[in-house]
Amino acid sequence: MSEITEPKIEELLQTYIQVDEQEQETRFIKGQLLDAMLTAGAKQKFLSSQIGVSPAQIRELVHVYRTYPTAASRIPSLSWYHHRVASHSISPTKTLIKASDEAMSTRELRKLILEQEGAKQLVQHEDQEERKKAERVLSSVQKVLDSGGETAKWIQDELKRILKEVDM
């Protein structure tokens, strides 16, 4: 009898990456199909009821597809979400290239676009809100640590693990 071996982590990671790439490409294909149906006269409300997605999602898929209609107009190393965010900028292609060159997250990309469009106050407000949220979390963690016990030990271990991962 031959022994069944479990797949290696590297194989599972590779498979996951392939599925993720397919999922990203599928969003563009959905946009293309929806664009063709809308062009043929279908109404968003009808399509929405038939495929079970909101009209807003239909508009977004079509908008991103129309902004980047060909594989050559896209940057494969960036996610569909990067393309989505960049598609709402003043200069979608340049913005997408900058995001790729600087390895930006979608959050960083959104901030860049807001700053370019003169919405610096909105960016600052979002930063302040995030800081407040972080302060509340830190306060809660400090209370758990101050109380001691198993939970405090667990949270210390988890924080050490997270910090070690960040240093990698």
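Being a predicted model, the structure only gives us computed values, none of them experimental.

## With respect to the nonpolar core
Core analysis: the biggest nonpolar cluster contains 19 residues, and Leu34, Tyr68, Leu96 and Leu109 have the highest contact counts within it. Of all the secondary structure elements, the ones that give two or more residues to this core are α1 (9-39), α3 (55-67), α4 (80-87), α5 (92-101) and α6 (106-116). If you tally residues by element for this core, the top one is α3, at 4 residues. Sequence-distant contacts of leucine 109, defined by excluding residues within four places in its chain, comprise His82, Val85, Ala86, Thr95, Ala99 and Met104.

## Regarding the side chain of aspartate 35
Within the fold, aspartate 35 resides in helix α1. At 2.5 Å, the side chain of aspartate 35 forms a polar contact with the side chain of arginine 66. Other than its neighbours up to four places away in sequence, aspartate 35 contacts Val62, Tyr65 and Arg66.

## Things to note about the environment of glutamate 126
Along the chain, the position of glutamate 126 falls in helix α7 (residues 120-147). By relative accessible area, which is 24% here, glutamate 126 ends up partly exposed. Those residues in contact with glutamate 126 that lie beyond four places of it in its chain are Arg110 and Leu114.

## A few points about the pattern of salt bridges
A full pass over the atoms with the stated rule returns 10 salt bridges. When the shortest N-O distance is used, the salt bridge between glutamate 23 and arginine 27 registers 3.5 Å. Of this pair, glutamate 23 and arginine 27 both sit in helix α1, separated by 4 residues, roughly a single helical turn. Linking arginine 74 and glutamate 25 is a salt bridge whose minimum nitrogen-to-oxygen distance equals 3.5 Å.

## Overview of the side chain of threonine 95
Structurally, the position occupied by threonine 95 is in helix α5. Residue contacts for threonine 95: discarding those within four places in its chain leaves Ala86, Ser89, Leu109, Ile113 and Gln116.

## Concerning α4
Of all 8 residues making up α4, 6 are buried, and the element is well covered by its neighbours. Of the residues making up α4, those classed as buried are Trp80, His82, His83, Val85, Ala86 and Ser87. Each element contacted by the buried residues of α4 is listed here: α1, α3, α5 and α6.

Quick notes on the rules
Residues numbered from 1 in each chain as written. Predicted model: local features only at pLDDT ≥ 70, side-chain atom pairs only at ≥ 80, totals over all residues. Heavy atoms only, no water. Core = buried A, V, L, I, M, F, W, Y, C linked by side-chain atoms within 4.5 Å. Buried < 20%, exposed > 50% of the residue type's maximum accessible area, 1.4 Å probe, protein only. Helix = DSSP H or I, 4+ residues; strand = E, 2+ residues; numbered from the N terminus. Contact = heavy atoms within 4.5 Å. Polar contact = N/O pair within 3.5 Å; in protein donor to acceptor, adjacent residues only side chain to side chain. Salt bridge = Lys/Arg side-chain N within 4 Å of Asp/Glu carboxyl O.

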